[in-house]
Structure formats: C-alpha cells, structure tokens
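# Chain and residue survey
Chain residues, written in single-letter form:
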Amino acid sequence: MNCSATSRMGEAAVVTEEGLPCFKIADEEERKRGRTSLKMLIISEKSVDGWQDIWAVRFPNASFGDPDYRLPKNACIRYGHAPAGVEASDARPLRQNTIYSVFFMGRPPSGSDPTSRYGTQFCVLATATDGLRAVQLTHDTSTSMDPDCARHASPK
C-alpha cells in the first residue's frame, strides 16, 4: 500500500493600498475554495545569498495545527502594518528593483483540500507622492533575477 501526503501551492496576491504593498490570498483561490484560515505570513527578499526573511506575521490560532484566523472579506495586510492581535517582527525597508516573495501558510475550509501554502513574488516602484506601488510578478517573470521592476509593470 502506497500512502503519501500531498499539498498544493495556492496563489497569493499583492495589491497597493495607501502607498504600500498589501498581501492577501488571491480572490480566485477564495472564490473556489472558501476563505482561508491563516497561520503565518512571511515576506522575503531575494539576494545573491538566497532568500532572506524581512517581515514575518504569526496569526493567533487555537493550536499550531488548527488555524482559525481569517482576514475580513476583501481585506489585505499592508507591509509593516500587522492587524491587531497578531505577532509580527519589525519590517525592514523595501527597495526598488528588488524581488520579494510572499508566503502564506494556511488552510482552506475543506479538510479534503490539500492546499497549505500560498505564494507569489513582487517588486516595488516609487510613486510621485513618495509611496510605493507593488508590481506582482507573473510566473514567467518571477523566476528571473531581472531587477527592472518597471519592465514588468502594467501602465497606470
């Protein structure tokens, strides 16, 4: 008998809210699978030495194995601004032309759904008002170390 556990990587999303990147589970993921219970959010920076964590958020849960924290519908978590009641590290400053990774650990409502991780990559551009605009990288661009974030941005 061959028994093995599998899980799938779901899609996270990055939007811009109040001049900062803001992170959430992708709308299509939650539309198909229901609202996700969250355990952790980690933002990492790609460098020549690999990925370095620059901000971590741990959501309150009944126990480590049973996440129960959910974001309000249509909400996201702005970089460096953890929701009340969660544990978070200090956020390091974001830099232009740097690739970042978003990684959520969580669980969809159905126990039969093997999704436990959600991720994507992004970079940021400066705006005329001293804010930042997040640019979510697509699967074909996110594997490259191309530092030209503007090349991947859609016109706004």
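Figured I'd write up the structure that's included with this text.

Basis of the calculations
Residues numbered from 1 in each chain as written. Predicted model: local features only at pLDDT ≥ 70, side-chain atom pairs only at ≥ 80, totals over all residues. Heavy atoms only, no water. 1 Å grid on protein atoms, 1.4 Å probe; cavity = no way out; pocket = protein on both sides within 12 Å on 5 of 7 lines; lining within 4 Å. Points joined across faces, edges and corners; volume = space filled by probe spheres on them. Helix = DSSP H or I, 4+ residues; strand = E, 2+ residues; numbered from the N terminus. Contact = heavy atoms within 4.5 Å. Salt bridge = Lys/Arg side-chain N within 4 Å of Asp/Glu carboxyl O. Buried < 20%, exposed > 50% of the residue type's maximum accessible area, 1.4 Å probe, protein only.

## Some thoughts on the layout of surface pockets
Approximately 270 Å³ is the volume attributed to the largest pocket. In terms of lining residues, the largest pocket is bounded by 14 residues, among which Asp 27, Glu 30, Arg 35, Lys 73 and Asn 74 are the most central. Every element with two or more residues in the lining of the largest pocket is listed here: β2 (20–25) and α1 (27–33). Among the elements that line the lining of the largest pocket, the one with the most residues is α1, at 3 residues.

## Observations concerning the side chain of Arg 78
Inspection of the secondary structure assignment puts Arg 78 in strand β5 (residues 77–78). Setting aside anything within four residues of it in sequence, one finds Arg 78 in contact with Glu 17, Glu 18, Leu 20, Pro 21, Cys 22 and Trp 55.

## Thoughts on the pattern of salt bridges
The final tally for this structure, using the stated rule, is 5 salt bridges. The closest approach of N and O atoms between Arg 33 and Glu 29, which form a salt bridge, is 3.4 Å. Of this pair, Arg 33 and Glu 29 both sit in helix α1, separated by 4 residues, roughly a single helical turn. Where Glu 45 meets Arg 95, a salt bridge forms, and the shortest distance between an N and an O atom there is 3.1 Å. A residue pair is termed long-range when its members are at least 10 positions apart, and Glu 45 in strand β3 (residues 37–47) and Arg 95 in the loop between β6 (87–88) and β7 (100–107) qualify at 50 residues. What makes Arg 95 partly exposed here is its relative accessible area of 45%.

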